[in-house]
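Descriptive structure summary
Chain by chain, the residues:
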Amino acid sequence: MDCVFCAIVAGDIPNATVHEDEDTLAFLDINPLRPGHALVIPKSHAQYFADLDDAAAAALTSSTRRVVRQLHATLGTTDATIAINDGPSAGQEVPHVHVHIVPRPDGDAPTPIHALFPDRPESDMSAITALAERIRTTAP
Ligand code: AMP
């Protein structure tokens, strides 16, 4: 399979590792959005977060929390944007699950993920409630 992150896991491409364990690898992004921008990946290939089994998802979450603490302790930050671009329509360029951790220094423009959606629909509580009912009654 032609996957750049699998190649990193295999040691075929160099990377700036910040944490590694049996199931996950975390390394600094080659095009950082802020200093310390890190990516946390499962070592086993999967494209979508929901493709991970519970153990792999738990390992990814645990490593992400650990790396967040490492970054804040190193950089003196307290805040971060933590995000997954989950599939190409969500902007995913590397089709191997990865959690972005972008430390947000004091005084950083506090852009939330909401800024990605300037053309959002009007809030409509009855539509929201009806959609919630459909989702709740749909098998995953
Ligand atoms: P995404 O758009 O969520 O798929 O983001 C992919 C990220 O991977 C981008 O932020 C890239 O800068 C980063 N990236 C791609 N190749 C490498 C690499 N070899 N080492 C580190 N980061 C990479």
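Read on for a plain summary of the structure.

**Remarks on the overall build of the protein chain**
Across its full length, the protein chain carries three helices and five strands. For the protein chain, the succession of helices and strands along the chain, N to C, is α-β-β-β-α-β-β-α. Here the C-alpha coordinates of the protein chain stretch approximately 50 × 40 × 25 Å along the principal axes. Among the 140 residues that make up the protein chain, the fraction classed as buried is 30%. Counted over contacts in the protein chain with a minimum sequence separation of 6, partners at least 24 positions apart contribute 54%. Carbon and sulfur atoms make up 57% of the accessible area of the protein chain, which amounts to about 9400 Å² in all.

**Some points on the site of the ligand**
For the ligand, the set of nearby residues contains 15 residues, the closest of which are Asp29, Glu93, Val94, His98 and His100. Side-chain polar atom of His100 to an oxygen atom of the ligand: 2.8 Å apart, as the coordinates give it. In a pocket analysis with a 2 Å cut-off to the grid points, the ligand is assigned to the largest pocket. Residues that form the shell around the ligand fall into these classes: seven nonpolar, six polar and two charged.

**Focus: the pattern of salt bridges**
Counted by the stated rule, this structure contains four salt bridges. A salt bridge links Lys43 to Glu20, with the shortest nitrogen-to-oxygen separation between them at 2.8 Å. One end of the pair, Lys43, is in the loop between strand 3 (38-42) and helix 2 (54-75); the other, Glu20, is in strand 1 (residues 17-20), and 23 residues separate them in sequence. Judged by its relative accessible area of 23%, Lys43 is partly exposed. Here the residues in one salt-bridge network are Arg34, Arg104 and Asp108, joined through shared partners.

**Notes on the state of the cysteines**
For the structure on display, the rule yields zero disulfides. As a non-bridged cysteine, Cys3 has Cys6 as the owner of its nearest cysteine sulfur, 3.7 Å distant.

**Structural notes on the pairing of strand 3**
Among the five residues of strand 3, five are classified as buried, and the element is accordingly described as predominantly covered. Residues of strand 3 alternate between two faces, with Ala38, Val40 and Pro42 on one and Leu39 and Ile41 on the opposite face, all of them buried. Relative to strand 3, strand 2 (residues 24-28) is paired through five bridges, and the arrangement is antiparallel. When the bridges of strand 3 are listed, Ala26 appears paired with Val40. With three bridges connecting them, strand 3 and strand 5 (residues 99-104) associate as antiparallel partners. When the bridges of strand 5 are listed, Ala38 appears paired with Ile101.

Cut-off values and rules
Residues numbered from 1 in each chain as written. Predicted model: local features only at pLDDT ≥ 70, side-chain atom pairs only at ≥ 80, totals over all residues. Heavy atoms only, no water. Helix = DSSP H or I, 4+ residues; strand = E, 2+ residues; numbered from the N terminus. Buried < 20%, exposed > 50% of the residue type's maximum accessible area, 1.4 Å probe, protein only. Contact = heavy atoms within 4.5 Å. Areas by Shrake-Rupley, 256 points an atom, 1.4 Å probe, with all protein chains shown as cover. Near = heavy atom within 4 Å. Polar contact = N/O pair within 3.5 Å; in protein donor to acceptor, adjacent residues only side chain to side chain. 1 Å grid on protein atoms, 1.4 Å probe; cavity = no way out; pocket = protein on both sides within 12 Å on 5 of 7 lines; lining within 4 Å. Sits in = over half its atoms within 2 Å of the grid points. Nonpolar A, V, L, I, M, F, W, Y, C, P; charged D, E, K, R; others polar. Salt bridge = Lys/Arg side-chain N within 4 Å of Asp/Glu carboxyl O. Disulfide = S-S within 2.5 Å. Pairing = 2+ DSSP bridges.

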